[in-house]
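Fold and geometry: a report
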Amino acid sequence: MPIAAEGAQPAADDASAALHQAVRDNLIRYGAEFHPEFIVRARGSYIYDENGRAILDFTSGQMCATLGHNHPSIVAAIEKSCREVLHLFSGMLSPAVADLARRMAALLPRSLSKLIFLNTGGESNETALRLAKKFTGGWEVVGLDGSWHGTTAGASSTTYASGRRGYGPTIPGTFAIPEPNSYRCPIRHCRDRCDTSCLEVGFNLFDAQSVGAPAAAIIEPIMSAGGIIVPPEGYLPKLRKLCDARGMLLVFDEAQTAFGRTGRNFAFEGVGVTPDILTMSKTLGGGLPLAATATSPEIEEDCYSKGFANYTSHVSDPLPATVGLAVLDVLQHERLAANARTMGERLKAGLLELKQRHQVIGDVRGEGLLLGVELVKDRETREPAHQLGMQVTRRCMELGLSMNIRQVPTRGAVWRIAPPLTVKSDEIDTALAIIDQALTECVAAWSRTPTTI
Ligand SMILES: Cc1ncc(COP(=O)(O)O)c(C=O)c1O
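Reading guide: rules and limits
Residues numbered from 1 in each chain as written. Predicted model: local features only at pLDDT ≥ 70, side-chain atom pairs only at ≥ 80, totals over all residues. Heavy atoms only, no water. Helix = DSSP H or I, 4+ residues; strand = E, 2+ residues; numbered from the N terminus. Contact = heavy atoms within 4.5 Å. Near = heavy atom within 4 Å. Polar contact = N/O pair within 3.5 Å; in protein donor to acceptor, adjacent residues only side chain to side chain. Areas by Shrake-Rupley, 256 points an atom, 1.4 Å probe, with all protein chains shown as cover. Nonpolar A, V, L, I, M, F, W, Y, C, P; charged D, E, K, R; others polar. Buried < 20%, exposed > 50% of the residue type's maximum accessible area, 1.4 Å probe, protein only. Pairing = 2+ DSSP bridges. Axes fitted to C-alpha atoms, helices over the stretch in contact; angles between N-to-C directions.

**A closer look at the environment of Phe 34**
You can see Phe 34 is positioned in the loop between helix H1 (14–26) and strand S1 (39–43). A C-alpha to C-alpha distance of 9.0 Å links Phe 34 and Val 23, two positions eleven residues apart in sequence. Ignoring any residue separated from it by four or fewer positions in sequence, one finds Phe 34 in contact with Val 23, Leu 27, Ile 28 and Arg 29.

**Observations concerning the site of the ligand**
As a structural note, the neighbourhood of the ligand is formed by Thr 120, Gly 121, Gly 122, Asn 125, Trp 148, His 149, Gly 150, Glu 220, Asp 253, Ala 255, Gln 256 and Lys 282. Note that a nitrogen atom of the ligand is positioned 3.2 Å from one of the backbone N or O atoms of Trp 148. Within the side chain of Gln 256, one N or O atom sits 2.8 Å away from an oxygen atom of the ligand. In the complex, the protein chains occlude 80% of the 390 Å² of accessible area that the ligand would expose alone. Looking at the shell around the ligand, the element that brings in the most residues is helix H5 (residues 121–136), giving three residues. A breakdown of the residues in the shell around the ligand according to their chemical character gives two nonpolar, seven polar and three charged.

**Re the side chain of Thr 257**
Checked against the element boundaries, Thr 257 lands in the loop between strand S8 (249–253) and strand S9 (277–280). Judged by its relative accessible area of 1%, Thr 257 falls in the buried class. Polar side-chain contacts of Thr 257 include one of 2.8 Å to the side chain of Glu 254. What Thr 257 contacts, discounting residues up to four positions off in sequence, is Pro 221, Ile 222, Thr 262, Asn 265, Ala 267 and Leu 370.

**Concerning the sheet that holds strand S4 (residues 114–118)**
A sheet is described by the order of its strands in space; here seven strands give the open sequence S4-S10-S9-S8-S7-S5-S6, paired in mixed fashion. This sheet does not close on itself; its edge strands, each paired only once, are S4 and strand S6 (174–177). On average, each strand axis in the sheet is tilted by 20° relative to the strand beside it, whichever way the strands run. Bridge count between S4 and strand S10 (residues 291–295): five bridges; the pairing is antiparallel. Looking across to S10, one finds that Phe 117 is bridged to Ala 292. With respect to the sheet, helix H7 (residues 197–209) is in contact with strand S5 (140–144), S6 and strand S7 (214–219), its orientation differing from that of S6 by roughly 155°. Running over the sheet, helix H8 (residues 235–246) touches S5, S6, S7 and S8 and is turned about 170° from S7.

Next comes the structure, spelled out in structure tokens:
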């Protein structure tokens with residue numbers, strides 16, 4: 001249950017007002033508007049603002065707080081690191097790094113048993129692409145048009161969901177292919193059922209444009225920023241074959257899907273395909289910056305023999321590795337993948353029930369606790385309901401539920417609903433009731449003043 005934030009100060013407090021002024025004066029804005037209140041405390045599925053208001057966090061922070069906020073095991077791991085060692089020269093290792101590599105290798109197949117530990121998802125993908133280029137000698141990279149792999153140069157070059165304009169040239173040799181979006185078929189070929197023609201079309205175009213230096217294809221097993229797009233059965237095995245036929249490595253970016261979120265340890269386990277390189281980030285650190293890239297002993301050996309270099313200031317840092325060990329322990333002891341399945345079913349059933357009563361809900365999709373709800377003006381035309389989506393999202397926040405809505409005008413209006421894997425059934429029920437109320441109120445307001453939804 002929510003509890004009032006300890007030591008919360010009234011918003012009008014002078015110190016708070018000065019800090020809000022500092023936000024306006026001294027911070028670079030990097031995306032959507034900042035939430036107007038400071039968040040001063042977080043526990044489990046709840047965050048608490050400076051006015052003591054409890055808000056259900058159904059974005060798990062930035063999709064990272066899978067164990068809930070400030071899990072005691074993470075706090076203990078940080079304290080342990082503070083007593084032992086926080087940071088080292090990149091060529092030195094702590095026992096925690098070796099232990100985390102061993103523990104993760106035990107969860108993964110042998111072909112993914114060599115790991116490197118970094119901090120962000122962008123870095124993990126950058127590293128994956130550097131490995132693929134070194135190994136193959138090629139440099140061409142295929143990505144999907146709904147993808148998000150990070151804002152560093154290599155990762156952003158192969159990110160197509162948004163954020164591309166205005167930063168100059170991307171890395172040469174990057175190619176977008178159409179996403180397997182069965183609700184909004186990008187090649188206007190299927191409706192509600194993707195027959196994977198888009199993949200063939202995409203690779204035909206890639207073959208036509210390639211100068212003969214293929215290195216990798218990179219894909220999220222469930223495209224999250226693109227609007228929770230789940231590839232149809234058979235898509236990823238077909239992608240595997242297309243890559244193999246061209247000598248390209250297959251990279252799975254499991255920033256959001258690894259470590260329980262979809263109801264499995266890794267999303268790739270459910271699709272019958274093992275990638276050549278696997279990247280993991282957000283969900284590995286439980287809220288702290290920890291990422292990893294995994295590949296086979298053969299690829300690692302080959303790249304090492306060619307002088308592979310991948311220094312970052314915080315590669316192999318002890319603190320995040322110690323936290324990663326705690327994350328793995330909690331995932332196992334609290335059986336969080338199983339909880340994601342059970343709670344995910346409850347949440348999805350609730351959303352499908354809302355769909356029966358709210359015409360604006362066009363589609364409900366996703367796996368485990370990574371769910372998407374697409375909002376449309378009309379179920380037949382499927383015109384996106386961006387304005388209404390923003391209004392309902394705002395109203396949900398007023399009612400105590402934080403959710404993420406994708407605001408890319410050229411794409412659908414999709415809520416990404418992803419509470420911590422520790423979420424309780426009463427918290428799911430509370431969130432569903434809030435969504436129901438917000439939809440009811442906003443749709444009623446719109447039908448009284450039908451401007452734009
Ligand atoms: C699938 C995926 N990959 C990579 C990234 C980039 O991660 P980071 O922001 O930690 O660099 C994100 C971030 O949203 C992501 O969703």
